Amino acid sequence: MRRGILHTKYHAAPWAAVELGLWLAKLAFGSEMHMAGAEPVPELVEGMSLGYDCIVPVPASGRARGYNVPQLMAVPLARALGIPLYPKALGRTRAKRHQAGLPFEQRLANVAGAFRVTDTELVEGRKVLLVDDVITTGATAAACTQALLAAGAESVFAIALATVEFEMFPARDQPLQENEPDF
């Protein structure tokens, strides 16, 4: 997973993000894949959409990549669940530093107030499935959830393909890790 996520994020491979989304649909919801020509397509998983009304991806952290990994991952997931994908429902209020390598407190501060709902009609009264590629401390997911709930979402459930081991409460004499986390 680590290699796939890093390849997707740092080697101009948007197609790999879609493949990661296929894996997420399979691992989290049991969706099988079939081929439509040369393209893998997830099968609809009956009944799985009961807990969700829509999918909202975490917004991209910048424009340098040219594509949003969580958004591309969410495409096959939306198809597998049979629910709409709202890629523009969440936006950024400001640029933030990359989270990788930041201590827990700085991660929280970095994303506090960094997200806003761009169209409340998309999420108001809905059960939202928030999609991200990696959850480390949950700071980004929490900030996105806060924005969605403030805009009237009924509930928010965050899902990611991977998590990163993060030492949230190290020993007093142990410094927090300052370098990029090891996925």
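Structure first, text after, so check above.
Residues numbered from 1 in each chain as written. Predicted model: local features only at pLDDT ≥ 70, side-chain atom pairs only at ≥ 80, totals over all residues. Heavy atoms only, no water.

Novice: What is the right way to look at the nonpolar core in this model?
Specialist: Within soluble globular proteins, side chains that are nonpolar tend to cluster in buried spots. Of all hydrophobic cores here, the largest spans 24 residues; its most connected members are I55, L77, L81, L129 and V131. When residues of this core are traced back to their parent elements, those giving at least two are α2 (14-29), α3 (69-81), β6 (127-135) and β7 (155-163). In terms of residue count, the dominant contributor to this core is α3 (seven residues). Formed by 21 residues, the second largest nonpolar core is a distinct cluster that contains L90, V111, V117 and A151. (Core = buried A, V, L, I, M, F, W, Y, C linked by side-chain atoms within 4.5 Å. Buried < 20%, exposed > 50% of the residue type's maximum accessible area, 1.4 Å probe, protein only. Helix = DSSP H or I, 4+ residues; strand = E, 2+ residues; numbered from the N terminus.)

Novice: How do you make sense of the side chain of S31 when you look at a structure like this?
Specialist: Structurally, S31 is set in the loop between α2 and β1 (33-36). Take S31: its relative accessible area is 1%, and that puts it in the buried class. Side-chain polar atoms of S31 contact the backbone oxygen of E43, separated by 2.7 Å. If we skip the residues at most four places from it in the chain, S31 touches A25, K26, P42, E43, V45 and A80. (Polar contact = N/O pair within 3.5 Å; in protein donor to acceptor, adjacent residues only side chain to side chain. Contact = heavy atoms within 4.5 Å.)

Novice: How should the packing of aromatic side chains be read in this particular structure?
Specialist: Each aromatic ring pair is characterised by the separation of its centres together with the angle its planes make. Taken as a whole and assessed by the stated rule, the structure comprises two aromatic pairs. Relative to Y52, the ring of F29 lies with its centre 6.1 Å away and its plane at 85°, an arrangement referred to as edge-to-face. Here F29 is found in helix α2, whereas its partner Y52 is found in the loop between β2 (39-42) and β3 (54-57), with 23 residues between them in sequence. Both residues of the pair, F29 and Y52, count as buried. Among the aromatic side chains, those forming a connected cluster through ring pairs are F29, Y52 and F157. (Phe/Tyr/Trp six-rings, centres within 6.5 Å; stacked < 30°, edge-to-face > 60°.)

Novice: What is the right way to look at the packing of α2 against α3 in this model?
Specialist: Axis angle and axis distance: for two packed helices, these are the angle between their axes and the distance between the axes, and together they describe the pair. Where α2 contacts α3, the axes come no closer than 7 Å and their chain directions differ by 45°. When the axis of α2 is compared with that of α3, the two are oblique. Crossing handedness for the pair α2 and α3: right-handed. Along the contact surface, α2 presents P14, A17, V18, L20, G21, L22, L24, A25 and F29, while α3 presents V69, L72, M73, P76, L77, A80 and L81. Across the contact of α2 with α3, the residue classes tally to 15 nonpolar, one polar and no charged. (Axes fitted to C-alpha atoms, helices over the stretch in contact; angles between N-to-C directions. Parallel < 35°, antiparallel > 145°, perpendicular 65-115°, else oblique. Left-handed = near helix turned anticlockwise from the far one by under 90°. Nonpolar A, V, L, I, M, F, W, Y, C, P; charged D, E, K, R; others polar.)

Novice: For this particular structure, what's the right way to read the pairing of β7?
Specialist: Where a strand is regular, its side chains alternate between the two sheet faces. Pairing of β6 with β7 involves eight bridges; the strand directions are parallel. Residue pairing for β7: V131 is matched across the bridge by I159. Each parallel crossover has a hand, and the one from β6 via helix α6 (residues 139-150) to β7 is right-handed. (Pairing = 2+ DSSP bridges. Right-handed = clockwise from strand over helix to strand, strands pointing away.)

Novice: Can you help me understand helix α1 (residues 2-10) in this one?
Specialist: An α-helical turn contains 3.6 residues, so a residue and the one three or four places further along point in the same direction. Within α1, the full set of buried residues consists of I5, L6, T8 and K9. The arc that holds the buried residues of α1, viewed along the axis, is 160°, so those residues lie on one side. Looking at the buried positions of α1, the neighbouring elements they touch are α2, α3, β6 and β7. (Arc of directions from axis to C-beta.)

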